[in-house]
Amino acid sequence: MKKFTLASAIILLAACSGTSPEMQVVRGAAEAMGGAARIQSIKSLSVEGEGLASNLGQNRMPDDELPTWKVTGFKRSMDFENGRMRVRQTRTVQFLFAGASEQRLDQGIDGDVAYNIAESGMASRAGDAVTKDRRLEMLHHPVAVLRAAMDPKAKIENLRKDENGERVDVTTANGDLVTLAVDSGTRLPLRVTSMTYNANLGDAAIETTFSDYETVNGLKVPTHFVTKIDKYPQFDFRANRTVIDSNSGDLAAPADAKGSIPLPAAVTVTAEEVGKGIWWLAGSGNHRSILFEFDDHLVLFEAPLNELRTKAVIDTARTLCPEKPLTHVIVSHHHFDHSGGLRVAVAEGLTVITQRANVEFFKELVARKHSIVQDALARTPKPLKIEAVDEEMTLKDRAMEVRLYHLRDNPREGTNLFAYVPRDRMLVQADLYDSTWLRHPWGDNLPFNLTLHKLQVEKDVPVHGAIQTYQDVLKTIASKKTSAN
Ligand SMILES: [Zn+2]
């Protein structure tokens, strides 16, 4: 990036003053914060503070509030001259959780290299989509977006006005597009909006609203940042310290993250026959599906994770009994890691069976726009065929009987369907129990539900974890009900 000089400031001022109404909005915001030249001269900035981060796609019901992580030790350091940012934080669960209750995240970007540093200290390079998202994330601060907007190579277009203020689109020198909104009264930046792609939500706006400005070294900076993705809260952050142009440490990508972008891990699907006409489709990862063979058709339990996983599972299912069509998929619940394959399942022509409380949400997921990445359903649109289960449903013919039950009174699962095969006394479930969990805070809910329906379970064939006898399941739950990680 070009070094700032007085000459370039004068050129910039000359270029700005006589120009478009769009540029006047940008300049007005810069003046309100402390002056265009002042903002242009800033080389680095960091914010530190605390907040609440939402756990997207993990609420009890599709319209419930999202569970949250308390974020402490948050520090976002930006080096504008070199296009570098690093974000460090500690997240502590504020909801019932079976994994590690505290997680440390350390993520950064250095030019075109986005990287993550694991708690072990191991650095790894992230892919192109993450790189783009982080470059955009860097613009979600008034100083960063105004600096980028005043770059002579940036384009400022499309002025709109409403009762709260004015908005312009900024295309940065890098070609990244954000919308900047400026308050009509104070002229201070109100919010920045950019687009991202989310496998479940498709095209989604990420919007950060700035408020509670205070003055640091003669510059007005916000101390309250509220970020949403689409309609969902993502991060509510309060800065208790903003540092301008002090040495914020080395933000260069670690050497071991500078290699080529690693290829995504291969998706593999194994098929293990766990009962006559019942296959456990495992392989890579910890999201499995179960295939049931009926007299003249096949039914899949779970379309998990994403298009890649679910398409591989569907393809495998079709090779196991090629003479019978795969017609239905039971989607156990709406959590994003369990409904991530919904759209490809619809594109493959499957009828979705799910608990009634998921129906409207699934209709919305199927109808959403996926243009940033064209997924299978965007490429080959199909209508959603859906069958809702209220409390129970039995799928039965002369070859197979599968009973479906709505999970009752679970603290984190409001829309969950589990399956029971009476012939084999087999339980098929997602998120009721996982043999790999650190603890089982809702472990009692599983025997409660089985007792409710007088089900005699001998074997658990799960979406997550290992196949176990029900005796072993109960033993594990009893030993790890509350044990800390
Ligand atoms: Zn799960």
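You'll find the structure just up there.
Residues numbered from 1 in each chain as written. Predicted model: local features only at pLDDT ≥ 70, side-chain atom pairs only at ≥ 80, totals over all residues. Heavy atoms only, no water.

1. A look at the overall build of the chain
Convention followed: Helix and strand labels come from DSSP, where a helix needs a run of H or I of at least four residues and a strand needs a run of E of at least two; each type is numbered from the N terminus. For every residue, the accessible area (1.4 Å probe, protein chains only) is compared with the maximum for its type, and the residue is labelled buried under 20%, exposed over 50%, or partly exposed between those bounds. Using the Shrake-Rupley algorithm and a 1.4 Å probe, accessible areas are obtained, with residue cover drawn only from the displayed protein chains. All tallies of charge rest on Lys and Arg as positive and Asp and Glu as negative; His and the ends of each chain are not included. One atom stands in for each charge, and that atom is NZ of Lys, CZ of Arg, CG of Asp or CD of Glu.
The helix and strand inventory of the chain stands at twelve helices and 26 strands. Here the C-alpha coordinates of the chain stretch approximately 85 × 45 × 45 Å along the principal axes. Going through the 485 residues of the chain one by one, you find that 53% of them count as buried. Here the chain displays about 21,100 Å² of accessible surface, and carbon together with sulfur accounts for 51% of that area. Separation between the mean location of the 59 positive side-chain charges and that of the 63 negative ones in the chain comes to 3 Å.

2. Some points on the packing of aromatic side chains
For clarity, the cut-off: Pairs were defined over the aromatic rings of Phe, Tyr and Trp, the Trp ring being its six-membered one, requiring ring centres within 6.5 Å. Orientation was assigned from the angle between planes: stacked under 30 degrees, edge-to-face over 60, tilted for the rest.
For the structure on display, the rule yields twelve aromatic pairs. Ring pairs connect the aromatic residues Phe74, Phe210, Phe225, Phe235 and Phe237, which therefore count as one cluster.

3. Comments concerning the pairing of strand S23 (residues 417–421)
Our working definition: At least two bridges found by DSSP between two strands are what make those strands a pair.
Burial within S23 is extensive, with five of its five residues counted as buried. Side chains Leu417, Ala419 and Val421 project from S23 onto one buried face, and the interleaved Phe418 and Tyr420 project onto a second face that is buried too. Relative to S23, strand S22 (residues 401–406) runs antiparallel, the two being bridged by four bridges. Of the residues in S23, the one forming a bridge with histidine 406 is leucine 417. Pairing of S23 with strand S24 (residues 426–429), which is carried by three bridges, proceeds in the antiparallel orientation. Of the residues in S24, the one forming a bridge with tyrosine 420 is leucine 427. The turn linking S23 back onto S24 is made up of four residues, and arginine 425 within it adopts a positive phi angle of 50°.

4. Quick look at the sheet that holds strand S17 (residues 298–301)
Our working definition: Interaxial angle, 0 to 180 degrees, is taken between N-to-C directions of lines fitted to C-alpha atoms, where a helix line uses only the stretch in contact. Only heavy atoms matter for contacts: two residues are in contact if any of them lie within 4.5 Å across the pair.
Read across the sheet, seven strands follow the order S14-S15-S16-S17-S18-S19-S20 without closing on themselves; strand pairing throughout is mixed. In this open sheet, the two strands that pair with only one neighbour each are strand S14 (269–275) and strand S20 (386–389). On average, adjacent strands in this sheet sit at an angle of 25° to one another, irrespective of strand direction. For strand S19 (residues 351–355) and S20, the ladder comprises four bridges, and the chain directions are parallel. Paired with threonine 354 across the two strands is alanine 388, which belongs to S20. Packing of helix H6 (residues 307–320) onto the sheet brings it into contact with S14, strand S15 (278–283), strand S16 (289–293), S17 and strand S18 (326–330), and relative to S15 it is tilted by some 140°. Against the sheet, helix H9 (residues 359–367) touches S19 and S20, its axis set at about 140° to S19.

5. Considerations on the pattern of salt bridges
Put simply, the rule reads: A pairing counts as a salt bridge when a side-chain nitrogen of Lys or Arg comes within 4 Å of a carboxyl oxygen of Asp or Glu.
Considering all chains together, one arrives at 34 salt bridges under this definition. When the shortest N-O distance is used, the salt bridge between arginine 135 and aspartate 112 registers 3.4 Å. Residue arginine 135 is found in helix H4 (residues 128–138), and its partner aspartate 112 is found in the loop between strand S4 (102–110) and strand S5 (113–117); the two are separated by 23 residues along the sequence. Residue aspartate 112 is classed as exposed on the basis of its relative accessible area, which comes to 54%. Because the salt bridges share partners, they merge into one network encompassing Asp230, Lys231, Glu364 and Arg368.

6. Considering the nonpolar core
For clarity, the threshold we go by: What makes a nonpolar core is a set of buried Ala, Val, Leu, Ile, Met, Phe, Trp, Tyr and Cys residues whose side-chain atoms join them at distances within 4.5 Å.
In this structure, Val26, Ile39, Phe80, Val143, Leu146, Met150 and Leu180 are the most contacted members of the largest nonpolar core, which totals 51 residues. Among the elements that take part in this core, helix H2 (residues 21–33) stands out by supplying seven residues, more than any other.

7. Quick notes on the sheet that holds strand S26 (residues 468–469)
One open sheet accounts for six strands, arranged S21-S22-S23-S24-S25-S26; its pairing is mixed. Looking at the sheet topology across the chains shown, the edges are occupied by strand S21 (392–396) and S26. Examined bridge by bridge, strand S25 (residues 459–462) and S26 share two bridges and lie antiparallel to one another. By the bridge assignment for S26, lysine 459 is matched with threonine 469.

8. Some words on unusual backbone geometry
One non-glycine residue, arginine 425, lies in positive phi territory at about 50°. Mapping arginine 425 onto the fold places it in the loop between S23 and S24. Residues other than glycine seldom take positive phi values, yet lysine 454 does so here, at roughly 55°. With respect to the element layout, lysine 454 can be found in the loop between helix H11 (445–452) and S25. The exposed category is assigned to lysine 454, whose relative accessible area is 73%.

9. Remarks on the coordination of the zinc ion
Short version of the rule: Sites may look incomplete because water is not among the atoms; the donors themselves are N, O and S atoms within 2.8 Å of the metal, or within 3.2 Å for Na, K and Ca.
The protein atoms donating to the zinc ion are His338 (NE2), Asp431 (OD), Asp431 (OD) and His464 (NE2), with metal-donor distances spanning 2.0 to 2.7 Å. Read in sequence order, the donor residues for the zinc ion give the motif H-x92-D-x32-H. Remark: histidine 464 occurs in the loop between S25 and S26 and aspartate 431 occurs in the loop between S24 and H11; sequence separation between them is 33 residues. Here histidine 464 falls in the buried class, since its relative accessible area comes to 6%.

10. Focus on the side chain of asparagine 416
Put simply, the test is: N or O atoms closer than or at 3.5 Å make up a polar contact, with two conditions inside protein: a donor-capable atom paired with an acceptor-capable one, and, for residues adjacent in sequence, both atoms drawn from side chains.
The topology assignment puts asparagine 416 in the loop between S22 and S23. For asparagine 416, the side chain forms a polar contact with the side chain of glutamate 413, separated by 3.0 Å. Separated by 3.0 Å, the side chain of asparagine 416 and the backbone oxygen of alanine 430 make a polar contact. When near neighbours in sequence (up to four residues on either side) are disregarded, asparagine 416 contacts Ser332, His333, Tyr405, His406, Leu407, Ala430, Asp431 and Leu432.

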